[in-house]
Amino acid sequence: MKTKISGIELRRIAMPLVAPFRTSFGVETSRDVLLVRVVTPDHEGWAECGAMSEPRYSSEYVDGVQHVLRRFLIPALPADGSDVPAVGRAFAPFTGHRMAKSALETAVLDARLRSAGESFGAYLGAVRDRVPCGVSVGIMDSVPELLDAVEGYLAEGYVRIKLKIEPGWDLDPVRAVRECFGDDLPLQVDANAAYALSDARHLAKLDDFALQLIEQPLANDDMVRHAALAKLLRTPICLDESITSAADAAAAISLGACSVINIKPGRVGGYLEARRIHDVARAHGIPVWCGGMLETGIGRAANVALAALPGFTLPGDTSASGRYFATDITKPFVLSDGRLDVPTGPGLGIEPLPDILDEVTTSIEWIPR
Ligand code: OSB
Ligand code: MG
């Protein structure tokens, strides 16, 4: 599977969210998304970069990603159009910048798979044709507002709820959701690194609510304290920000820093590394689930394919298009019976709708090869 790349388009789009999404690290009202389009003589490959406009969730941000792609990663692409693992090897000398690497590698992979007529799911090793979906619910101004939002999502059919928490918005919202929707609702929380180990006694009060997990309670770079916290809580710890590679996953598992892993392909440098994390976790009996970065249909298509691998035994943050955007840039992903269908066409199996894409485009940079 070798095809020469004739050029790469870096396109920025502005995607207003249906409602503001608040986390412990900030409020998002509109996604500034970078799309990568790899053009070959007979196909094109698409990918979406998960980076946000400011370096809060992680050190990457969308302007920085575009710069790194233009300055380092695009020039490093193998000139002979070699296979996708070779793309990863060509990027390896550059430290970090995993969301940038992921976006370019994924667009190359999509172009290759489209020319081979193979879907992302088939390539990655999907074993399901639909995946159960959860929804991540942001921090709200009041508990009644939160209960309204959760009620709406449950009515749509989402099979598990994740509540964003931070100091001052943790026990009360969790208690209220449990009281209102019962003990059988699969419920989890995500702190996005908002706590310290000295909050352990407070966090242990969440143990009463039978949560499936608490995601990333402590700092991104602190696996050792997560391992210490795990000994003080009954609620299982899941890591998101802390896991940036399969090596990190292996380290976290052997340290006892987590018993569940959230896999986001962008955070870990691409779908091949995401699959390696899945494999490491599965070999250790650690469940994984697919996280999200408020993606459009382009990023979602690949995430849903990944979520169909056998080790993804928990519902992901792979919500339907309508949870994020009034109009998606692709044919929308629609929830049916709490599930999304895994696309089956070549590559991502979905592509941007040209008219909608043009309407939301804020800039286009073309980089010839
Ligand atoms: O921590 O999982 C997170 C969104 C942006 C950045 C970080 C996170 C999130 C979410 C939403 O929780 C996931 C989604 O629905 O895409
Ligand atoms: Mg998270």
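That block above? That's the structure.
My aim in this report is to walk through the structure given alongside it, one point at a time. Only a predicted model underlies this, so the values are computations on that prediction, with no experimental measurement involved. (Residues numbered from 1 in each chain as written. Chains lettered and ligands numbered in written order. Predicted model: local features only at pLDDT ≥ 70, side-chain atom pairs only at ≥ 80, totals over all residues. Heavy atoms only, no water.)

Note on the magnesium ion (ligand 2): its protein donors are Asp-190 (OD), Glu-215 (OE) and Asp-240 (OD). The metal-donor distances range over 2.0 to 2.3 Å. Read in sequence order, the donor residues coordinating the magnesium ion (ligand 2) give the pattern D-x24-E-x24-D. With a gap of 25 residues between them, Glu-215 in strand 8 (residues 214-215) and Asp-240 in the loop between strand 9 (237-239) and helix 9 (246-255) connect regions that are remote in the sequence. Here Glu-215 matches Asp-240 in class, with each residue buried. (Donors = N, O, S within 2.8 Å, 3.2 Å for Na, K, Ca; no water. Helix = DSSP H or I, 4+ residues; strand = E, 2+ residues; numbered from the N terminus. Buried < 20%, exposed > 50% of the residue type's maximum accessible area, 1.4 Å probe, protein only.)

Further remarks concern the pairing of strand 1 (residues 7-23). Bridge count for strand 1 against strand 13 (residues 361-368) is seven bridges, and the pairing is antiparallel. In the strand pairing of strand 13, Arg-11 is matched with Ile-364. Looking at chain direction, strand 1 and strand 2 (residues 26-39) are connected through 13 bridges and run antiparallel. Residue Leu-10 lies in a different strand from strand 2, and its bridge partner there is Val-36. As consecutive antiparallel partners, strand 1 and strand 2 are separated by two residues. (Pairing = 2+ DSSP bridges.)

Before going further, it helps to examine the side chain of Glu-60. In this fold, Glu-60 is placed in the loop between strand 3 (44-49) and helix 1 (62-76). An unpaired buried charge is present at Glu-60: no salt bridge exists, and Arg-98, the closest side chain of opposite charge, is 7.1 Å distant. Here the side chain of Glu-60 touches Arg-98 through a polar contact of 3.2 Å, landing on its backbone nitrogen. A polar contact of 2.7 Å, which involves the side chain of Glu-60, links it to the backbone nitrogen of Met-99. (Lys, Arg positive; Asp, Glu negative; His and termini not counted. Salt bridge = Lys/Arg side-chain N within 4 Å of Asp/Glu carboxyl O. Polar contact = N/O pair within 3.5 Å; in protein donor to acceptor, adjacent residues only side chain to side chain.)

This next bit is on the site of ligand 1. Neighbouring ligand 1 are 18 residues; Ser-136, Asp-190, Asn-192, Leu-294 and Tyr-324 lie closest to it. Here an oxygen atom of ligand 1 and a side-chain polar atom of Ser-136 are 2.9 Å apart. The contact in question runs from an oxygen atom of ligand 1 to an N or O atom on the side chain of Lys-264, over 3.0 Å. In the complex, the protein chains occlude 100% of the 390 Å² of accessible area that ligand 1 would expose alone. Tallied by class, residues from the shell around ligand 1 come to seven nonpolar, three polar and eight charged. Formed jointly, the shell around ligand 1 draws a minimum of three residues from each of two domains, domain 1 (7-117 + 353-368) and domain 2 (122-341). (Near = heavy atom within 4 Å. Areas by Shrake-Rupley, 256 points an atom, 1.4 Å probe, with all protein chains shown as cover. Nonpolar A, V, L, I, M, F, W, Y, C, P; charged D, E, K, R; others polar. Domains from an automatic or database assignment.)

Let us now look at the nonpolar core. Side chains of a nonpolar character, in soluble globular proteins, are inclined to be buried together. Counting residues in each nonpolar core, the largest one holds 121 residues, and the members touching the most others are Leu-69, Leu-104, Leu-163, Leu-206 and Ile-261. Tallying contributions element by element places helix 3 (residues 98-116) first for this core, with nine residues. Taken domain by domain, this core gets at least three of its residues from each of domain 1 (7-117 + 353-368) and domain 2 (122-341). Every residue in contact with Leu-104, bar those within four places of it in the chain, is listed here: Ile-8, Val-36, Val-38, Leu-69, Leu-73, Ile-74, Leu-77 and Phe-91. (Core = buried A, V, L, I, M, F, W, Y, C linked by side-chain atoms within 4.5 Å. Contact = heavy atoms within 4.5 Å.)

Don't take any of this as a statement about function, it's just geometry.
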